[in-house]
Amino acid sequence: MSKPRLSIVIHAEEEFPWDDGFYRSNNQVSHGEQLIELVDELIRAGGKVTLAMDYPFVTSQSGQKVIRYFKPMEGKQIEFAAHLHPWVNPPYESQMDRIENIDSFPGNLPSELEYAKLKVLTETIEKVTGTRPTTYLAGRYGIGKNSAEILKSLGYRVDLSISAYTDFSNIEGPDFSLYSNAMIWDKQLIYIPHTCSVVSPINLIANYLNRHPVKYKKLRCNAFSRTMLRLLRVKMYRLSPEGFTFEHLKAMTESQINIGKKEFILSFHSPSAKVGCTPYVQSQEELSRFKCALFTYLNYFKSLEGSQFYIPKELGKEN
Ligand SMILES: [Zn+2]
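These remarks concern the structure in this document.

A look at the overall build of the protein
Looking only at helices and strands, the protein has eleven helices and 13 strands in total. Against the compact-globule benchmark of 20 Å for 319 residues, the protein has a radius of gyration of 19 Å, which places it among compact chains. C-alpha extents for the protein along the principal axes are approximately 50 × 45 × 40 Å. Relative to its full complement of 319 residues, the protein shows a buried share of 43%.

Quick look at the structure:
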């Protein structure tokens, strides 16, 4: 029987106002020191951390401080991966500061532009870190029809962009609602989904819906069954300390283990390491709650029988 495996993936990026559109000029990174402290603590607690870095992060002084600090651990407890936010990543098609929502998903861009932006990001990460990234995470989970070919041509082996059971099509993004947390091996590329799960106080219901994403999708399509799901307290959780407590994270982990899934990605955004930089951490108290959920979960995961921590590039090498 396979053992539970956890990868911690940090979306290492600029501090932008989340509800105010996408601007090329929003590229400030000032949370490097707080991030070093947090990641260091995760590693001391036994975790392995993937820094999926975008262009503003990797080119900023604060981001480079983080890179210098963790470089000796690269390939062991740390992986440097790529995270594409197209609105702050050259080349740019126009001089406009504001970028339309539809173009904030890299997979919606014309193929040549998606390729050109990812090429610049890949080469910048390679130059700054000394290691060419082989693991990719699309900004806003936005992979599209050309992404796989582009990734393969740039030497990527692992894609972390699938968000299990999640449909972003109402905001012009991809629809992953028929994907579970199962890894997908596609010859040169391995897809490891960001972990999400249906939870319910009634295990049978959660197990059924987690096993049959198509049923869950159908139920959410109609107002009557949506009310039924609400009454049965059926919810969708993401494996993240942003907006979720340790109890939430434990419940969703158990619901996935119940259906035999053993691969987990716990994720959050790097600016959450500093008070005031994401909507989830706006005060010292919220930062304490965030860290409490994160570290209590890490210790819980360590206590699961045979559990392991890993960086995605380890799997890419096996493929
Ligand atoms: Zn991002």
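A closer look at the environment of His 212
Tracing the backbone through its elements, the reader meets His 212 in the loop between helix 6 (203-211) and helix 7 (213-220). When the C-alpha atoms of His 212 and Gly 75 are compared, they prove to be 36 Å apart, with 137 residues separating the residues in sequence.

Some remarks on unusual backbone geometry
Glycine aside, a negative phi is what most residues show, and trans is what most peptide bonds show. With an omega of 0 degrees, the peptide bond running from Pro 90 to Pro 91 counts as cis. With respect to the helices, strands and loops of the structure, Pro 91 is situated in the loop between strand 4 (78-84) and strand 5 (98-99). Despite not being glycine, Glu 172 has its phi angle at roughly 70 degrees, a positive value. Positive phi is not limited to glycine here, since Arg 233 has a value of about 55 degrees. Along the chain, Arg 233 falls in the loop between helix 8 (223-231) and strand 11 (235-238).

Here we look at the nonpolar core
Counting 70 residues, the largest nonpolar core has Ile 10, Leu 51, Ala 52, Met 53, Ala 82, Tyr 136 and Leu 160 as the members making the most contacts within it. In terms of residues, this core owes the most to one element, helix 10 (residues 284-303), which gives six residues. When near neighbours in sequence (up to four residues on either side) are disregarded, Ile 10 contacts Val 49, Thr 50, Leu 51, Ala 52, Phe 268 and Ser 270.

Regarding the packing of helix 9 (residues 246-258) against helix 10
Relative to each other, helix 9 and helix 10 sit at 35 degrees, their axes nearing to 8 Å. Remark: the crossing between helix 9 and helix 10 carries right-handed chirality. Residues Phe 246, Leu 249 and Lys 250 of helix 9 lie in contact with helix 10, whose contacting residues are Cys 292, Ala 293, Thr 296, Tyr 297 and Tyr 300. Looking at the contact of helix 9 with helix 10 residue by residue, the classes come out as six nonpolar, one polar and one charged.

What counts as what
- Residues numbered from 1 in each chain as written.
- Predicted model: local features only at pLDDT ≥ 70, side-chain atom pairs only at ≥ 80, totals over all residues.
- Helix = DSSP H or I, 4+ residues; strand = E, 2+ residues; numbered from the N terminus.
- Rg over C-alpha atoms; globule rule 2.2 N^0.38 Å.
- Buried ≥ 20, exposed ≤ 12 C-beta atoms within 10 Å, placed from the backbone.
- Core = buried A, V, L, I, M, F, W, Y, C linked by C-beta atoms within 7 Å.
- Contact = placed C-beta atoms within 7 Å.
- Axes fitted to C-alpha atoms, helices over the stretch in contact; angles between N-to-C directions.
- Left-handed = near helix turned anticlockwise from the far one by under 90°.
- Nonpolar A, V, L, I, M, F, W, Y, C, P; charged D, E, K, R; others polar.

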